[in-house]
Amino acid sequence: MTDAIAYETPAPHIARLVLNRPESRNAQDTGLLYALNAAFDRAAQDDEVKVIVLAAAGPHFSSGHDLREGGTIAGQMAGFEPVGTWCGFGCAGAEGRMAREKEIYLGLSERWRNIPKPTIAQVQGKCIAGGLMLAWPCDLIVAADDAAFCDNTVGMGVAGVEYFAHPWELGVRKAKELLFTADWLSAQEAKALGMVNHVVPAAELAAFTLALAVRIAAKPMFALKLAKEAVNAAEDAQGRVGAMTTAFALHQLAHSHNMQVHGMPVDPSGLQVRPRARA
């Protein structure tokens, strides 16, 4: 693994992948995302690993996409081997941007969601926009009592993050409120909505999550794989994949609109607006 991701084996049959850019609040640049994908692949392909925990170093889980990553789209993708089938990173206009986002945002998140082993997100502090696209693909979420979740992309002129799981994670009305207001969702509220499985004191987060992983790892691996496949299939039968494809297309339309109107893929006025503080 690169320095961006730490790969740990804290107990038999458990792999823990740790986002390791605390100085940037674990903002997701291209390197971090591909390093995380490699770590997921390593854990998925290791027959001794039965449960995968996704954790983060520092006070916050993830501040989302790293907007400081400069250069061209082709330059950002240079040196990384695509794992999806989409292509055209060097193409002009919306084509190149759609290729990149279909590969490293929607594509990787969906890939992680379908790993045939139970995954647990261990979340503390802030989890903002793109951070949701790391936690939501996991099967379970354990949150510290200081965790808070937010999608502030509508304020930046974009209709939600690329992995548009909001209605399934929150329900339709709360999904709309989260998007429209960009307000924080506390760990306790997220648990009440069914998005989070457990809320524990921050000091107990790692130990509680590991204990949960160990309990799950005591089950037969094949049965765990089949149970996950069954639940994911039920969710997909509700139309999740089609709806997410439409939302991704609308996301790309928003980027194209903003490029025409503002000369950049987001509305610059939204870059100055921070999510409203929790009461």
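Thresholds applied
Residues numbered from 1 in each chain as written. Predicted model: local features only at pLDDT ≥ 70, side-chain atom pairs only at ≥ 80, totals over all residues. Heavy atoms only, no water. Helix = DSSP H or I, 4+ residues; strand = E, 2+ residues; numbered from the N terminus. Expected span 1.5 Å × (residues − 1). Buried < 20%, exposed > 50% of the residue type's maximum accessible area, 1.4 Å probe, protein only. Arc of directions from axis to C-beta. Contact = heavy atoms within 4.5 Å. Pairing = 2+ DSSP bridges. Axes fitted to C-alpha atoms, helices over the stretch in contact; angles between N-to-C directions. Phe/Tyr/Trp six-rings, centres within 6.5 Å; stacked < 30°, edge-to-face > 60°. Lys NZ or Arg CZ within 6 Å of the ring centre and 35° of its normal. Salt bridge = Lys/Arg side-chain N within 4 Å of Asp/Glu carboxyl O.

Peer 1: Is there a simple way to explain the environment of Pro268 in this structure?
Peer 2: Mapping Pro268 onto the fold places it in helix α11 (residues 268-271). Sequence separation between Pro268 and Val231 is 37 residues; the distance between their C-alpha atoms is 40 Å.

Peer 1: Before we go on, may I ask you to explain helix α1 (residues 30-45) in this structure?
Peer 2: An α-helical turn contains 3.6 residues, so a residue and the one three or four places further along point in the same direction. Between its first and last C-alpha, α1 extends 23 Å over 16 residues, near the 22 Å set by a 1.5 Å rise per residue. Every buried residue of α1 is accounted for by Thr30, Leu32, Leu33, Tyr34, Ala35, Leu36, Asn37, Ala39, Phe40 and Ala43.

Peer 1: Sorry, what's going on with helix α6 (residues 172-181) here?
Peer 2: All of the buried residues in α6 are Ala175, Leu178 and Leu179. With its buried residues spanning 95° around the axis, α6 presents them on a single face. In this structure, α6 carries Arg173 and Phe180 as exposed residues pointing more than 90 degrees from its buried face. In this structure, the buried residues of α6 make contact with β7 (148-150), α5 (166-170) and β8 (185-186). Count one or two residues on from α6 and you reach Ala182, which has phi positive near 60°.

Peer 1: How should the sheet that holds β8 be read in this particular structure?
Peer 2: Sheet strands line up and pair through hydrogen bonds in the backbone, either parallel or antiparallel. With mixed pairing, three strands are arranged side by side in an open sheet as β5-β7-β8. In this open sheet, the two edge strands, each paired with only one partner strand, are β5 (126-128) and β8. Relative to β8, β7 runs antiparallel, the two being bridged by two bridges. In the strand pairing of β8, Phe149 is matched with Leu185.

Peer 1: Sorry if this is basic, but what is going on with unusual backbone geometry here?
Peer 2: Trans peptide bonds make up most of the peptide bonds, and negative phi angles are found at most residues other than glycine. Despite not being glycine, Arg25 has its phi angle at roughly 55°, a positive value. Relative to the elements of secondary structure, Arg25 occurs in the loop between β2 (14-19) and α1. Look at Ala129: it is not a glycine, yet its phi comes out positive at around 50°. In this structure, Ala129 sits in the loop between β5 and α4 (132-135). Given the relative accessible area of 9%, Ala129 is considered buried.

Peer 1: Hey, could you run me through the sheet that holds strand β3 (residues 51-56) in this one?
Peer 2: Read across the sheet, six strands follow the order β1-β2-β3-β4-β6-β9 without closing on themselves; strand pairing throughout is mixed. Looking at which strands have only one partner, the edges of the open sheet turn out to be β1 (5-11) and β9 (198-200). Recorded for the sheet is a direction-independent mean angle of 20° between the axes of neighbouring strands. In this sheet, β3 lies alongside β2 in parallel orientation, the contact comprising six bridges. Within β3, the residue paired with Ala15 across the bridge is Ile52. Those strands touched by α1 are β1, β2, β3 and β4 (119-123), and its axis lies near 30° from that of β1.

Peer 1: I would appreciate a short explanation of the packing of aromatic side chains in the present structure.
Peer 2: Aromatic ring pairs are defined here through the distance separating the ring centres and the angle between the ring planes. All told, the structure shown has two aromatic pairs when counted by the stated rule. Arranged with centres 5.0 Å apart and planes meeting at 10°, the rings of Tyr34 and Phe80 form a pair that is stacked. You can see Tyr34 sitting in helix α1 and its partner Phe80 sitting in the loop between α2 (73-77) and α3 (93-113), a full 46 residues away along the chain. Here Tyr34 falls in the buried class, since its relative accessible area comes to 9%. Note on Phe80: relative accessible area 30%, which makes it partly exposed. A cation sits over an aromatic face here: Arg42 above Tyr7, 3.7 Å from the ring centre. The lysine or arginine in question, Lys126, covers the ring of Trp184, its NZ or CZ lying 5.3 Å from the ring centre.

Peer 1: What exactly am I supposed to notice about the pattern of salt bridges here?
Peer 2: Side-chain pairs of opposite charge can arise where the charged atoms are in close proximity. Within this structure, the stated rule accounts for 13 salt bridges. For the salt bridge of Arg111 with Asp41, the shortest nitrogen-to-oxygen distance reads 2.8 Å. Of this pair, Arg111 sits in helix α3 while Asp41 is found in helix α1, placing the two residues 70 residues apart along the sequence. For the salt bridge of Glu69 with Arg100, the shortest nitrogen-to-oxygen distance reads 3.4 Å. Of the two residues, Glu69 is situated in the loop between β3 and α2 and Arg100 in helix α3; the sequence distance between them amounts to 31 residues. A relative accessible area of 24% places Glu69 in the partly exposed class.

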